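What the coordinates show
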2 protein chains.
Amino acid sequence: MKHTKTAVQSDIEIAQQASMKKIMDIASLLDIEEDEIELYGKYKAKLSLDITKRLHNKQNGKVILVTAINPTPAGEGKSTVTVGLGQALNKLGKKTIIAMREPSLGPTMGMKGGATGGGYSQVLPMEDINLHFTGDIHAITTANNALAAMIDNHIHQGNDLKIDTRRITWKRVLDLNDRALRKVVIGMGGPTQGVPREDGFDITVASEIMAVFCLAKDVADLKERLARIVIGYDLEKKPVTVKDLKVEGALTLLLKDACMPNLVQTMEHTPAIIHGGPFANVAHGCNSVIATQMAAKLGDYVVTEAGFGADLGAEKFLHIKTPALGFNPEAVVIVATIRAIKMHGGMSKDQLKEENLEALSIGIENVKKHVETVEKFGLPYVIALNEFITDTAAEIDFVKNWCQKNDIPMALTQVWEQGGDGGLELAQTVLAQMETKKPAFTPLYLSEDTLEKKLEAIVTNVYGGTGVELLPAAQKQLQQIVGEGWGHLPVCMAKTQYSLTDDAKKLGRPENFTVTIRELKPSVGAGFIVALTGNIMTMPGLPKEPAALKMDVDEQGKAVGLF
Amino acid sequence: MKHTKTAVQSDIEIAQQASMKKIMDIASLLDIEEDEIELYGKYKAKLSLDITKRLHNKQNGKVILVTAINPTPAGEGKSTVTVGLGQALNKLGKKTIIAMREPSLGPTMGMKGGATGGGYSQVLPMEDINLHFTGDIHAITTANNALAAMIDNHIHQGNDLKIDTRRITWKRVLDLNDRALRKVVIGMGGPTQGVPREDGFDITVASEIMAVFCLAKDVADLKERLARIVIGYDLEKKPVTVKDLKVEGALTLLLKDACMPNLVQTMEHTPAIIHGGPFANVAHGCNSVIATQMAAKLGDYVVTEAGFGADLGAEKFLHIKTPALGFNPEAVVIVATIRAIKMHGGMSKDQLKEENLEALSIGIENVKKHVETVEKFGLPYVIALNEFITDTAAEIDFVKNWCQKNDIPMALTQVWEQGGDGGLELAQTVLAQMETKKPAFTPLYLSEDTLEKKLEAIVTNVYGGTGVELLPAAQKQLQQIVGEGWGHLPVCMAKTQYSLTDDAKKLGRPENFTVTIRELKPSVGAGFIVALTGNIMTMPGLPKEPAALKMDVDEQGKAVGLF
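Here the structure is a predicted model, which is why all the values come from computation and not from measurement.

The next point concerns the side chain of Asn-144 of chain B. All names here are of chain B. Along the chain, the position of Asn-144 falls in helix α7 (residues 136-156). A relative accessible area of 2% means that Asn-144 is categorised as buried. If we skip the residues at most four places from it in the chain, Asn-144 touches Trp-170, Lys-171, Arg-172, Val-173, Ser-207 and Ile-209.

A few words now on the environment of Asp-300 of chain B. Residue and element names in this part refer to chain B. The topology assignment puts Asp-300 in the loop between α12 (289-298) and β16 (301-305). On the accessibility criterion, Asp-300 (40% relative accessible area) is partly exposed. Residues Asp-300 and Gly-561 lie 261 residues apart in sequence; the distance between their C-alpha atoms is 37 Å. The residues contacting Asp-300, other than those within four sequence positions of it, are Lys-58, Gly-61, Lys-62 and Lys-95.

All names here are of chain A. Mapped onto this numbering, the UniProt entry gives "binding site: ATP" (unreviewed entry) at Thr-72, Pro-73, Ala-74, Gly-75, Glu-76, Gly-77, Lys-78 and Ser-79. Note that Ala-74 resides in the loop between β3 (62-68) and α4 (78-91). Relative accessible area serves as the criterion here: at 6%, Ala-74 is assigned to the buried category. Among all residues touching Ala-74, those that are not within four sequence positions of it are Arg-339, Ala-340, Met-343 and Leu-352. Looking at Lys-78, the relative accessible area reads 12%, which means it is buried.

Next up on the list: the state of the cysteines. This model, assessed by the stated rule, comprises 0 disulfides over all chains. Between Cys-492 of chain A, a cysteine without a disulfide, and Cys-286 of chain A, which holds the nearest cysteine sulfur, the sulfur-to-sulfur distance is 9.1 Å. The buried category is assigned to Cys-492 of chain A, whose relative accessible area is 0%. Looking at Cys-214 of chain B, it has no disulfide partner, and the nearest cysteine sulfur is the one in Cys-286 of chain B, 8.3 Å off.

The two copies are related by a screw operation: chain A maps onto chain B through 180 degrees of rotation and 0.0 Å of translation along the axis, at an RMSD of 0.0 Å. Here the copies are linked by what is in effect a two-fold axis. For chain A, the minimum C-alpha distance to the rotation axis belongs to Tyr-40 of chain A and amounts to 2.1 Å. Interface overlap between copies: 100% of the residues of chain A at the interface are likewise at the interface in chain B, consistent with a symmetric, same-surface contact.

A separate point is the packing of helix α12 (residues 289-298) of chain A against helix α13 (residues 310-325) of chain A. All names here are of chain A. It is the contact of α12 with α13, at a shortest axis distance of 10 Å, that shows an interaxial angle of 60 degrees. When the interaxial angle is binned, α12 and α13 end up oblique. Judged by the sense of rotation from one axis to the other, the crossing of α12 with α13 is right-handed. Contacts between α12 and α13 involve Val-289, Thr-292 and Gln-293 on the former and, on the latter, Lys-321, Ala-324 and Leu-325. Broken down by class, the residue content of the contact of α12 with α13 amounts to 3 nonpolar, 2 polar and 1 charged.

Definitions and cut-offs
Along each chain, residues carry numbers from 1 onward, in the same order as the chain's sequence is written. Labels follow written order: the first chain is A, the first ligand is 1, and so on. Local features in a predicted model are, by the rule used here, given only for residues with pLDDT of at least 70; side-chain atom pairs are given and counted only at 80 or more, and totals for whole chains, interfaces and linings are based on all residues. For side-chain calculations, the full set of non-hydrogen atoms in the structure is used, while hydrogens and water are omitted. Helix and strand definitions follow DSSP, with helices as H or I runs of at least four residues and strands as E runs of at least two, each counted in order from the N terminus. Exposed residues in this analysis have more than 50% of their type's maximum accessible area, buried residues have under 20%, and partly exposed residues fall in between, with area computed by a 1.4 Å probe over protein chains only. Residue contacts follow a heavy-atom distance rule, with two residues in contact if any of their heavy atoms lie within 4.5 Å. UniProt positions are given in the numbering used here, feature names are shortened, and annotations may be inferred rather than shown by experiment. Throughout, a disulfide means two cysteine sulfur atoms within 2.5 Å of one another. To line up the copies, we fit them by least squares on C-alpha atoms, keeping just the residues with pLDDT of at least 70 in both. Each axis is a line fitted through C-alpha atoms, taken for helices only over the stretch in contact, and angles between the N-to-C directions span 0 to 180 degrees. Angles are sorted into four bins: roughly parallel if under 35 degrees, roughly antiparallel if over 145, roughly perpendicular if 65 to 115, and oblique for all others. Should the near helix be turned anticlockwise from the far one by less than a right angle, the crossing is termed left-handed; should it be turned clockwise, right-handed. Any residue outside Ala, Val, Leu, Ile, Met, Phe, Trp, Tyr, Cys, Pro, Asp, Glu, Lys and Arg is labelled polar, Gly included; the first ten of those are nonpolar and the last four are charged.

Structure representation (structure tokens):
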């Protein structure tokens, strides 16, 4: 995504020209001790969980959560603003660490775009981070599929647990976009080849193991959560867990090293911890608790982002991640662009170069809704209007005036083009808000509320709808969930990211709508109940011309065509 | 596998008590420059391919190939002898590097046993090497499955190449034992979920990408080999290649970093390069050419091993790997144990504690056959009789006398218990053989021979059979293979490792048998034609009590129950 007015280079070209410091030097600045760091080459490292233990008594840094309006094909640049804001805070002398998610290979190979920021606000080495990085996602894929193999082997070897092969909810995963694996039949070929049954593959980042990995406080908590995972039901419809299969130890062993957060740097040498990467539609869309806790011990400020818009990522950060984290963000940044607001106002992608104040005035209601949501959570906030080459002065003035009129703090950013300098106004505005407004964090529901009440709370307060409707299948599942004693868990909405409603086509700020829940799926290990609305994809497909067709290695061994 | 007479500790306990040097110090001893090494933690590193280029004019070290008799459930300890011999040569002042394969997670999670040696002859850190190591196998899994996703996406998006969905030979892979995935139906669920077809999963180490990875000389050669891979046939029965799909660049990018060999150390700090790990039944069973070439530049001696017995791993090393490597081993070590020889002589596993000279005298004919094979290849050799606690003096004397009578060089080893000290006799014997006998390496067939003649040459010279029979399907495939111009390629036999024949139950030295080829499968990227005999498993299953059930992480974060 190019936000620049002058640049003609691609993100990967800019990244490859950047000079990196040795990661050991970045670690030294954070007072990380030599035996607390495991180098992965010169520019990546894993950090020991001992760091958080050693700094147990140190006050936590202040967490700034970066979220956005509902995403559009125009692009908002949330990761770029996250990196740019971190760089800007460091320029202002604030010891700041960025905490982000690890990108999934599926989208990287599928469509152009990544999760490492852009322009002069990128985390480096971007090729490594966007490819295998330090192997965390591969470890999660392996643990997930090892569990699946143990399930099918248990059934093949006599099925002592009487697992109902029609009621296995555990799916296999690959960290790729591969639609042909969404629905498969396995165990074909006769009695020596396993027991035939329906199965399916999700993308790794949509898996419960990824969510467990990101919500665990430490390795012991990881193991307890893994043990609680429900893989399906037995012939008496009772849940079967990982503990019943006795493989929580092996899964923990497979994930042990991956639990160590990864340290890298931005183009301006701001430290960035990149760890965990759950999808924000079916999972909770935030980087790991372990990483955020460590970042808060190492820095005075932590800039972190949550997936998609504030209706998904931020809501889940505040209801699902915050309790595991033990402390809440002290400010929220809501990223928007003129282009995206105009799309919410009804313009199509190819009309975006034209000035259109009317579309702006309609689309800005989407921004307004997210502002109101963050206010309901009791948190200070700033709108970051991420400038783009096609923005006109009149359009920018419109948004400025609208913010002033509504008493909404805002700042313009030029982080793609100018790096940290382009985020200084935002950084100063955020710091000012944090100084003047004390956060009074208020979750919108309590754990003792019923699941229906939790769903209502999200739909009415966060989406702006009138209520929630449970289809008969979901009602039946609700009874079972309550019967099993899981009713105290938070809900994790699986909803389209494009709209505040469950219909991807309804942009802007829809009103007078209900949200239909077609399925409730317990993720007992992760510790939430997934509420599925609409047709949420847990295994994406590839486009007709996958990005992979342009990828290569040049004669000097450098990555080409990655972005 | 415990060969010790006194030890009561397991391999992992011994390994965890060992003190390792920093891998940077091991690299310094090899005159590796600082910018040629990428650390992966303190005890693992990846080595830049620039090392081999820099040392281009240096004479290659002498390669010693460790192979074995046909493996038995009694265990022979080939990896342990490989490590022990490397340690012993270093003790004798010879600059020696060990070059081994990376273990697959499938067998590790499935049954007790690994590929990192045992006792005081192990490579370290054994937990890391046996689990994710530096992620090479995960990269290969990803590249393999990315290609599969591109194939199915191509078909879904209109199938311009007219791929015949009934004739796709490319399978998906996981690095796990998972029998339920051997035969699957994918693309179920209607028109938006891909095109339904039969498919199957192999274990990653049986994949052609693993073979390509291990036979490539450098990244450019890797890309050329990847481009040549045949993924199936079109409606006119013409081969469809990776190049036709235009994804050789993306696959190369996914494998680029994995191409760098991994440096670790043994318990006695002997350098070990562990890289690539193809199965020796369907693939060629040797570590990577890139790693072996680098080891030969860095050391005066290279101790390497090939999979299973000399009929599989060594034959493939000499016919398939040696041409890619550009030079041949100068000596061969054939590992045997009293226990294994007695099993070849007809004893069952629970009878092995009993002395049985008659069984020895029958079983030793298996050893004899492998000796004859190595002689036919024109290479000096030594039998390593790897001592075990239950061996009696009479049994050892029997083997010694038999060797003396037949003028076969042999040495006893106690490498499990004593490390390098237990391999000194072997090291001295090998050095003496290399000094007195110059290798006159002679392949048993030439590339211009017909495929039938190549098959005959292996069956008669290596297995000791009378000839080869091609089933009708294989005869038809042979015609197609020759028609496509692939007849010059070497053959890669897919045969049971347990017997010299294609029947796993025929131990010892069977005679007057033919070998039946049921299928010929071109691996054009790897550059060989796989000849399948019997029922060769390309995706293993898990046993009733998988090793995973005992695995765990203890409260100090240490791996438990891994071996």
